[in-house]
Structures are given as structure tokens and as C-alpha cells.
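# Working through the structure, step by step
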Amino acid sequence: MTKDITKVTPYNSEATKKSQVEDMFDNIAPKYDLLNHVLSMKIDVLWRNKLVKWMKNDNPQEVLDVATGTGDLAITIEKGTGSKVVGLDLSQQMLNVGVIKIKKLKLDGKISMQKGDAENLPFEDNRFDAVSVAFGVRNFENLTKGLAELRRVVKDNKSVYILEFSKVEGFMGPLYMFYFRNILPAIGRLVSKDNRAYTYLPDSVNAFPFGEKMKQILLDTGFKKVEYKKLSLGIATIYKATK
């Protein structure tokens, strides 16, 4: 039986999921980029490029990147679309790493980073030409509330782009799950020194809705049209939800 995603937390403590997620990312921030690229064998770079290629058709001038982390997607969006990007994240330590990266790339005039909560976005309605989230909606404490906030701040007839892990189906499924449940957490623990962070990853992916279920959740949130593309045999999926 699939667990409720809201009940899957990084540290299984009495603290709220939101504060546990913030603590987790603060803890792993210094090693996050290294682990991300090593554990995904840099396939995550291709996934972000696909999202931005899809977004580029909308010709956005200003984009909000929620759960921006260290800014990888924000940087890819700026380079791919030329738009101004606001990156928002719960973890100050992740943002600190991102700010250094952005300054090195001389993009601090185009990308701004700020601490904030995806479920209480500090922006007015209908503000952005596009909104993106890469590997972040899985960490929302209240998925419906978070998705409603993404919809609120994007302009009418514009889209929210969500890149999230899904599940590999077919004969490759068991092989991938073995890697995901055993090898990935072991490497994560070794490098990040956080015993739970990379066990939480497969646990949260396993509990998270994907494909048609996620499409229906987005439609129920009020989006008028939802499309999605499976990536790398279904390891990840991009959802385009139009307001």
C-alpha cells in the first residue's frame, strides 16, 4: 500500500514536514550539487534542458522558479529563454550556494534568489509568465495548497512546469528500484554525512503520485489543461499545467 506523501518526512521527528525538509536541505547543501550530478550521472542536466525547451515556446519575460535550491534550473531558464528569473527556496543554505554560482556566472542582474515558502508565496496574483519547480513538489507539506499557490501567481493562459521523479515501469523497474533504494542512499550517506536525506528520497518518490494521477490532481487544482512527458523510461516526468 502506498503511503500518504504528507506523512513521508526526512527525519520522522515530531517537527512539521516543512521544517524537516528545511533542515535536511540546510544539512546537505554543501554537497548537494556534487551528489545530484553523480547520482543521476548528469541525466538531470538533460531533464532541465527539456523543461526549458518546452517553456521557451511561451516566450516568458519573467519566471518564478520555486524550490530553486542551488539555482540549477533558474540558471538553465535564464540561459535558455533570456528571461528574468526569481528563485525561491525554503533552505537558506541552499540559496547561499546558489548565489555564489550565479555571481560566478555574472547572472546576478538576471537571477534573484530569496528565501520563502512555496505554500505561501510572497507575490501578487497573475505575476509571472511561467512558474517552474524541479524536484520540489514532492517536498510540499500540503501538495494541494502548494499547487494552488503556483497556479495563483502565474498569468492566465500561462503555464506551470513541474519536473519530478516518477517510477520506471516495465522490466527495468525492479533494477532501477534496487539502485534507488540501496545504492543511492548509501552513496548519499557517505558523501553528505546525513543518514536520512537520501533514504527520504526513494521513500518520498515511492509515495508520490505520477502520470495520470498527478495530471488529475493538477486539473482538480483548477488548471484547465495538463500535458506531461515521461523522461528516461519514466525515471522523471515533466508536467505542463496551463491556467
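In this convention, every chain numbers its residues from 1, walking through the sequence in written order. At least 70 in pLDDT is required for a residue's local features to be given in this predicted model, at least 80 for side-chain atom pairs to be given and counted, and no such filter applies to totals for whole chains, interfaces and linings, which use all residues. Processing note: side-chain calculations cover all non-hydrogen atoms of the structure and skip hydrogens and water entirely.

### Side note on the sheet that holds strand β5 (residues 154-165)
Taken together, 7 strands build an open sheet; the order of strands is β3-β2-β1-β4-β5-β7-β6 and the sheet is mixed. In the strand order of this sheet, the two ends are held by β3 (111-115) and β6 (225-231), each with one partner. For this sheet, the mean inter-axis angle between neighbouring strands, taken without regard to orientation, is 15°. Note: β6 against strand β7 (residues 236-242), 7 bridges, orientation antiparallel. Residue pairing across strands places valine 226 opposite alanine 241, the latter belonging to β7. Sheet strands touched by helix α2 (residues 43-56): β1 (62-66), β4 (128-134), β5, β6 and β7. Its angle to β5, the strand with the most contacts, is close to 165°. Pairs of strands are assigned from DSSP output, requiring at least two bridges between the strands. Secondary structure counts use DSSP, requiring at least four H or I residues in a row for a helix and at least two E residues in a row for a strand, with both numbered from the N terminus. Axis definition: a line fit to C-alpha positions, over the contact stretch in the case of helices; interaxial angles, taken between N-to-C directions, run 0 to 180 degrees. The contact definition used throughout considers only heavy atoms, calling two residues in contact when any of these lie within 4.5 Å.

### Focus: unusual backbone geometry
Residues other than glycine seldom take positive phi values, yet lysine 106 does so here, at roughly 60°. In this structure, lysine 106 sits in the loop between α4 (92-104) and β3. Positive phi, normally seen in glycine, also occurs at asparagine 157, with a value near 70°. For asparagine 157, the position within the fold is in strand β5.

### Side note on helix α5 (residues 143-153)
Here the term buried applies to any residue with accessible area under 20% of the maximum for its type, exposed to any over 50%, and partly exposed to those in between, with areas from a 1.4 Å probe on protein chains only. For α5, the set of buried residues is Leu143, Gly146, Leu147, Glu149, Leu150 and Val153. End-on view of α5: buried residues confined to an arc of 155°, all on one side of the axis. Definition of a polar contact: a pair of N or O atoms within 3.5 Å, with one able to donate and the other able to accept a hydrogen when the atoms are protein atoms, and with sequence-neighbouring residues admitted only if both atoms are side-chain atoms. The N-cap of α5, judged by a side-chain oxygen 3.3 Å from the amide nitrogen of threonine 144 a few residues on, is asparagine 142. The arc in question is the one traced by the directions running from the helix axis out to the C-beta atoms.

### Focus: the environment of asparagine 36
Within the secondary structure, asparagine 36 is located in helix α1 (residues 17-40). Accessibility expressed as a relative area gives 18% for asparagine 36, which makes it buried. Through-space distance from the C-alpha of asparagine 36 to that of glycine 188 is 9.4 Å; in sequence the pair is 152 residues apart. Once residues lying within four places of it in the same chain are set aside, the contact partners of asparagine 36 are Asp44 and Arg48.

### A look at the side chain of threonine 9
By the element assignment, threonine 9 lies in the segment before α1. Relative accessible area serves as the criterion here: at 10%, threonine 9 is assigned to the buried category. When sequence neighbours within four positions are dropped, the list of residues in contact with threonine 9 reads Lys17, Gln20, Arg196 and Tyr200.

### Points about the layout of surface pockets
Size it by volume and the largest pocket reaches roughly 470 Å³. Around the largest pocket sit 25 residues that line it, and Asn36, Phe165, Phe180, Leu184 and Leu201 are the ones nearest its centre. Looking at the lining of the largest pocket, the elements that each hand over two or more residues are α1, α2, α6 (173-192) and α7 (197-207). The biggest single contributor to the lining of the largest pocket is α1, with 8 residues. Classification used: nonpolar for Ala, Val, Leu, Ile, Met, Phe, Trp, Tyr, Cys and Pro, charged for Asp, Glu, Lys and Arg, polar for all others including Gly. Taken together, the residues of the lining of the largest pocket break down into 20 nonpolar, 3 polar and 2 charged. Lining residues are defined by having an atom within 4 Å of a point belonging to a cavity or pocket. Those points lie on a 1 Å grid over the protein atoms alone, cavities being sets where a 1.4 Å probe fits but cannot get out and pockets being open sets with protein on both sides within 12 Å along at least five of seven lines. Grid points are joined across faces, edges and corners, and a volume is the space filled by probe spheres set on the points.

### Some details on the pairing of β7
The buried count for β7 comes to 7 of 7 residues, which makes it a mostly enclosed element. By the alternation rule, side chains of β7 split into Ala236, Ile238, Lys240 and Thr242 and Thr237, Tyr239 and Ala241, which are all buried. Here β5 runs beside β7; their pairing, made up of 7 bridges, is antiparallel. Paired with tyrosine 161 across the bridge in β7 is lysine 240. Counting the residues in the hairpin turn of β6 and β7 gives 4 residues, including serine 232, whose phi is positive at 50°.

### Points about helix α3 (residues 72-81)
Owing to its 3.6 residues per turn, the α-helix brings residues three or four apart onto one side. Judged by how many residues are buried, α3 sits mostly within the fold: 8 of 10 residues are covered. Buried within α3 are the following residues: Asp72, Leu73, Ala74, Ile75, Thr76, Ile77, Glu78 and Thr81. Looking at the residues trailing α3, positive phi occurs at glycine 82, about 75°.

### So, the UniProt feature "binding site: S-adenosyl-L-methionine" (unreviewed entry) in the protein chain
Taking the numbering used here, the UniProt-annotated feature "binding site: S-adenosyl-L-methionine" (unreviewed entry) corresponds to Thr70, Asp89, Asp117 and Ala118. If you take the residues mentioned a moment ago, the ones lining the largest cavity come down to Thr70, Asp89, Asp117 and Ala118. Along the polypeptide, aspartate 117 turns up in the loop between β3 and β4. Excluding residues within four positions of it along the chain, aspartate 117 makes contact with Lys18, Leu88 and Leu90. At a separation of 2.9 Å, a polar atom in the side chain of aspartate 117 contacts the main-chain amide nitrogen of glutamate 119. For alanine 118, the location among the structural elements is in the loop between β3 and β4. Among residues more than four places away in sequence, those in contact with alanine 118 are Val66, Leu88, Phe140, Gly146 and Glu149. UniProt positions are given in the numbering used here, feature names are shortened, and annotations may be inferred rather than shown by experiment.

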